[in-house]
Amino acid sequence: MTQLTTSPSASALRTLAEGGQHDSLNAYAIGAGTLAALLLLLWITTRLNRDR
C-alpha cells in the first residue's frame, strides 16, 4: 500500500482548519475586521463614483 505524503503547508492548513493551536486567530475578530474593511471600500467607492 502506498502512503500519500503531504507538504508542510498542506499540513499547516489542515491544522488551522481543524481549530489548531492558534489562540490568536479569533474568528469573530477576523470577521469583524473583514466586514469593516469591506464597508470602508464600499464607502470609498460610493464617494468616488458620484455622477456629476
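Note that the coordinates shown come from a computational prediction; the quantities given were computed from them, not determined experimentally.

Conventions used here
- Residues numbered from 1 in each chain as written.
- Predicted model: local features only at pLDDT ≥ 70, side-chain atom pairs only at ≥ 80, totals over all residues.
- Heavy atoms only, no water.
- Helix = DSSP H or I, 4+ residues; strand = E, 2+ residues; numbered from the N terminus.
- Areas by Shrake-Rupley, 256 points an atom, 1.4 Å probe, with all protein chains shown as cover.
- Polar contact = N/O pair within 3.5 Å; in protein donor to acceptor, adjacent residues only side chain to side chain.
- Expected span 1.5 Å × (residues − 1).

What is the right way to read the overall build of the protein from this model?
Looking only at helices and strands, the protein features two helices and zero strands. For the protein, the accessible surface area stands at approximately 5200 Å², while carbon and sulfur atoms represent 62% of it.

Whenever I open this one, the environment of Asn26 confuses me. Can you help?
Within the secondary structure, Asn26 is located in the loop between α1 (8-17) and α2 (27-48). Of note is the side chain of Asn26, whose polar atom sits 3.1 Å from the backbone nitrogen of Tyr28.

In this structure, what is going on with α2? I would like to understand it.
Working note: α-helix, 3.6 residues per turn, so residues spaced by three or four point in the same direction. The first and last C-alpha atoms of α2 sit 32 Å apart over 22 residues, in line with the 32 Å expected at 1.5 Å per residue. Structurally, the start of α2 carries an N-cap: the backbone nitrogen of Tyr28 is 3.1 Å from a side-chain oxygen of Asn26.

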